[in-house]
Amino acid sequence: MKYKTKINGKEIEYGALVEKSHFSDEEWSAIYAEIAEENYPEIFKKRKSDTAFIDTLGALTSLEERYEALLELLPQDQFSRAGTHPKWVADAVAENTLNKVDTQYDVSVLIERCETLEELKSELTEYFDLEEM
């Protein structure tokens, strides 16, 4: 979800995947108030004068939305829902992410070991699990 708010005549747009997030404390407070008001209107109405509470509520809601947005970007269906333990997500990401240095080393070993281009092609196909594609 994207939120828009104005502070000091400046319109601020914020959402779970918004990259620009170098806001001042005052801007963050306005963003958190907007998040709290949109997601918890009754609570916001009762507690809007308690800025520490509203900032905390907005920050926690924002954190939850960021976490859910990141989960949705994962290719593994079983990990792409709220409530998934962060350790499982981290393990899945690590398991499905190539380490550049390790991969470079592995490929250089394959190049040295293979005597023909066809043999290298076969080894690389197996290494990167390309048979399934």
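Everything below is about the structure printed above this text.
Note that the structure is predicted; figures quoted are calculated from it, not measured.

**Points about the nonpolar core**
Piece 1. Y3, I7, I12, Y14, F23, W28, A30, I31, Y32 and I35 form the largest nonpolar core, which has ten residues in total.
Piece 2. Mapped by element, the contributors of at least two residues to this core are β1 (2-7), β2 (10-15) and α1 (25-39).
Piece 3. Looking at which element gives the most residues to this core, the answer is α1, with five residues.
Piece 4. The residues contacting A30, other than those within four sequence positions of it, are T5 and I7.

**Regarding the pattern of salt bridges**
Piece 1. Tallied over the entire structure, the rule returns four salt bridges.
Piece 2. Taking the shortest distance from any N to any O, the salt bridge between E13 and K2 comes out at 3.5 Å. Of this pair, E13 sits in strand β2 while K2 sits in strand β1, and the two are eleven residues apart along the sequence.
Piece 3. Judged by relative accessible area, E13 falls into the partly exposed class, the value being 35%.
Piece 4. Exposure remark for K2: the relative accessible area of 54% places this residue in the exposed category.
Piece 5. Where E27 meets K10, a salt bridge forms, and the shortest distance between an N and an O atom there is 2.9 Å. Highlighted residues: E27 in helix α1 and K10 in strand β2, separated in sequence by 17 residues.
Piece 6. With a relative accessible area of 41%, K10 lands in the partly exposed category.

So, how was this worked out
- Residues numbered from 1 in each chain as written.
- Predicted model: local features only at pLDDT ≥ 70, side-chain atom pairs only at ≥ 80, totals over all residues.
- Heavy atoms only, no water.
- Core = buried A, V, L, I, M, F, W, Y, C linked by side-chain atoms within 4.5 Å.
- Buried < 20%, exposed > 50% of the residue type's maximum accessible area, 1.4 Å probe, protein only.
- Helix = DSSP H or I, 4+ residues; strand = E, 2+ residues; numbered from the N terminus.
- Contact = heavy atoms within 4.5 Å.
- Salt bridge = Lys/Arg side-chain N within 4 Å of Asp/Glu carboxyl O.

That is the geometry; function is a separate question.
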